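Listed below, chain by chain, are the residues.
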Amino acid sequence: MKKRIIQLAAVAAAATMMFCGCGDSKGGADSSGKAEDYTIRMATMTTGFPLPMHHANETGVFSDLGLTVEEEFFDNGPTINEAIASGDIDIAGVGGMPSVSGAISNNSKVIAWMEDDESSVQIYARNDSDIVSAGKGSVEGHPNIYGTAENWKGKSVVCAMGTSSQYTLLAVLETMGLTQDDIELINMEGVSGAAAYKAGTGDLFVGFNPQWSEFYNKPEEYTCVATCADTDKKLNTVLIASEEFCENHPELVTKFLEGILKVQNDFYDDKEYYFQSMYDWQNTFGDCPEELAQYTVDLQVMRSLDERKALFEEKDGSTEMQDTLLSIADFMVDNAVIEEESKQKIIDDGFVDSSYLFEAINNLQTQ
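My aim in this report is to walk through the structure given alongside it, one point at a time. Since the structure is predicted, the reported quantities are computational estimates derived from the model, not experimental observations.

Turning next to the side chain of Q122. On the secondary structure map, Q122 appears in strand β5 (residues 121–126). Among the polar contacts made by the side chain of Q122, one reaches the main-chain carbonyl oxygen of S119 at a distance of 3.1 Å. One polar contact links Q122 to Y295, side chain to side chain, over a distance of 2.9 Å. For Q122, the residues in contact, after removing those within four places along its chain, are F205, V206, G207, W212, C224, A226, T227, Y295 and L299.

What follows is the structure, given as structure tokens:
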């Protein structure tokens with residue numbers, strides 16, 4: 001379920017940026033240049049990749065663009081999709097798998113690439129596990145994965161279904177010729193799942209950064225036995241917007257993207273600024289050391305504006321952004337998560353929309 005998280009240190013800053021007014025008119029600006037009177041409802045998760053969204057709101061980047069943004073925190077992508085379906089959220093950062101599911105269920109649009117995510121989703125085992133003792137190198141073509149099919153088969157795995165964690169788990173199992181039927185999946189949201197795993201539930205834990213931070217910080221007790229990157233599968237995080245928000249407030253979508261891109265570009269230009277912002281962000285939700293913040297920054301490398309634009313430029317009838325998400329959709333079809341017809345429907349509906357990103361980048365580069 002979604003939850004609001006309010007930090008005392010951020011209350012004063014948040015109060016200057018969040019207002020209650022909302023409007024029904026289409027996106028646009030009044031004669032003074034101020035964006036329309038509409039409160040954009042933004043969903044973020046307490047992980048590493050939504051930092052630019054949160055930072056743009058907390059530091060006043062959005063308000064400088066004339067935007068009023070209300071931030072709500074969610075546990076995972078599926079709960080965000082539910083909130084979009086109910087009309088409670090306009091725009092959100094999610095993983096690749098929830099972005100496909102959301103496009104199918106809500107007609108939501110993928111409007112920007114957030115960060116690469118292959119290395120950020122990790123699977124941990126306790127050090128007394130036979131998977132750990134078996135070591136690396138037994139899975140042909142995937143030398144960084146620990147254990148063998150025999151070791152993994154029958155294990156109980158704490159993992160949130162419908163998320164990038166499940167995608168990663170399925171991808172790792174596939175490298176060994178296994179499927180989800182070969183393990184016992186304990187469906188738990190990441191933060192709750194991490195707490196349960198720490199208390200002794202399950203043989204393995206799958207989560208995204210920083211849900212696994214405590215395990216990462218205790219190598220004498222836990223070992224990362226696989227990541228999505230170890231499977232050669234692509235995985236990324238994206239910005240999605242509801243169909244209604246895109247149709248009724250197109251200028252606000254573009255303005256919002258300008259704010260996100262400005263922060264991302266600042267992080268790209270200044271690695272120390274990126275690190276310090278990540279450190280502050282992660283410590284909003286717990287006691288995270290500088291080492292973890294640096295590790296996160298190293299995992300989630302920022303791209304330049306031109307690199308982000310190139311991801312959405314059409315070549316041979318498609319784009320890198322669409323191809324990446326369709327490879328995830330194909331994997332979901334192969335694992336009976338979605339139907340082939342659903343995949344074709346989102347292609348026909350144009351679930352990847354580059355128009356807002358191109359306009360936002362052009363606006364930034366011509367300022």
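Where helix α16 (residues 320–334) meets helix α17 (residues 340–348), the axes come as close as 9 Å, and the angle between the chain directions of the two elements is 160 degrees. Between α16 and α17, the interaxial angle falls into the category roughly antiparallel. In this structure, α16 meets α17 at a crossing whose hand is right-handed. Counted together, L326, A329, D330 and V333 of α16 and E340, K343 and I347 of α17 form the full contact between these two elements. In terms of residue class, the contact of α16 with α17 is made up of 4 nonpolar, no polar and 3 charged.

When we look at burial in helix α9 (residues 190–198), the residues that qualify are G190, G193, A194, A196 and Y197. The buried residues of α9 occupy one face: seen down the axis, they fall within an arc of 165 degrees. As for α9, its buried residues are in contact with β5, β6 (156–159), β8 (204–208), α10 (213–216) and β9 (222–227). Of the residues flanking the start of α9, the one acting as N-cap is E189, its side-chain oxygen 2.9 Å from the backbone nitrogen of V191. Just downstream of α9 lies G200, where phi reads positive at about 120 degrees.

Attention now goes to the nonpolar core. Residues I40, I91, I123, W152, V225, L239 and F256 are the most contacted members of the largest nonpolar core, which totals 99 residues. In contact with V225, other than residues within four places in its own chain, are I123, A125, I131, V132, N144, I145, Y146, W152 and L204.

Each aromatic ring pair is characterised by the separation of its centres together with the angle its planes make. Under the defined criterion, the tally for this structure stands at 17 aromatic pairs. Measuring from ring centre to ring centre gives 6.0 Å for Y124 and F215, while their planes differ by 45 degrees; the resulting arrangement is tilted. Of the two residues, Y124 sits in strand β5 while F215 sits in helix α10, which places them 91 residues apart along the sequence. Aromatic pair Y197 and Y222: ring centres 6.0 Å apart, planes at 45 degrees, arrangement tilted. Taken together, the residues Y197 in helix α9 and Y222 in strand β9 connect sequence positions 25 residues apart. Y222 shares its class with Y197; the two are buried. Counting every residue linked through ring pairs, the aromatic cluster contains Y124, Y197, F205, W212, F215, Y216, Y222 and Y295. The ring of Y268 has K271 lying over it, and the distance from NZ or CZ to the ring centre is 5.2 Å.

Looking now at the sheet that holds strand β7 (residues 184–187). Ordered in space as β7-β6-β8-β5-β9, the 5 strands form an open sheet in which the pairing is mixed. The sheet is open, and its two edges are formed by β7 and β9, each paired on a single side. Going across the sheet, the axis of each strand differs from the next one's by a mean of 30 degrees, ignoring polarity. In this sheet, β8 lies alongside β5 in antiparallel orientation, the contact comprising 5 bridges. Residue pairing for β8: Y124 is matched across the bridge by F205. Against the sheet, helix α8 (residues 164–175) touches β5, β6, β7, β8 and β9, its axis set at about 65 degrees to β5.

For the bond running from N209 to P210, omega is 5 degrees, close enough to zero to count as cis. Along the chain, P210 turns up in the loop between β8 and α10.

The 5 strands lie next to each other as β2-β1-β3-β10-β4, forming an open sheet whose pairing is mixed. Looking along the sheet, the strands with just one partner apiece sit at the ends: β2 (68–74) and β4 (109–116). Ignoring which end each strand starts from, the neighbouring axes of this sheet average 25 degrees apart. Contacts from α16 reach β4 and β10 (236–241), with the element oriented near 105 degrees to β10.

By the alternation rule, side chains of β6 split into S156 and V158 and V157 and C159, which are all buried. Where β6 meets β7, 4 bridges bridge the pair, whose relative direction is parallel. Within β7, the position partnered with C159 by the bridge is N187. Handedness of the crossover joining β6 and β7 through α8: right-handed. As paired elements, β6 and β8 share 2 bridges and run parallel to each other. By the bridge assignment for β8, V158 is matched with F205.

Here we come to the environment of P250. Within the secondary structure, P250 is located in helix α12 (residues 250–269). Judged by relative accessible area, which is 30%, P250 ranks as partly exposed. Distance in space between the C-alpha atoms of P250 and Y124 is 42 Å, their sequence separation being 126 residues.

Cut-offs used in this document
- Residues numbered from 1 in each chain as written.
- Predicted model: local features only at pLDDT ≥ 70, side-chain atom pairs only at ≥ 80, totals over all residues.
- Heavy atoms only, no water.
- Helix = DSSP H or I, 4+ residues; strand = E, 2+ residues; numbered from the N terminus.
- Polar contact = N/O pair within 3.5 Å; in protein donor to acceptor, adjacent residues only side chain to side chain.
- Contact = heavy atoms within 4.5 Å.
- Axes fitted to C-alpha atoms, helices over the stretch in contact; angles between N-to-C directions.
- Parallel < 35°, antiparallel > 145°, perpendicular 65-115°, else oblique.
- Left-handed = near helix turned anticlockwise from the far one by under 90°.
- Nonpolar A, V, L, I, M, F, W, Y, C, P; charged D, E, K, R; others polar.
- Buried < 20%, exposed > 50% of the residue type's maximum accessible area, 1.4 Å probe, protein only.
- Arc of directions from axis to C-beta.
- Core = buried A, V, L, I, M, F, W, Y, C linked by side-chain atoms within 4.5 Å.
- Phe/Tyr/Trp six-rings, centres within 6.5 Å; stacked < 30°, edge-to-face > 60°.
- Lys NZ or Arg CZ within 6 Å of the ring centre and 35° of its normal.
- Pairing = 2+ DSSP bridges.
- Right-handed = clockwise from strand over helix to strand, strands pointing away.

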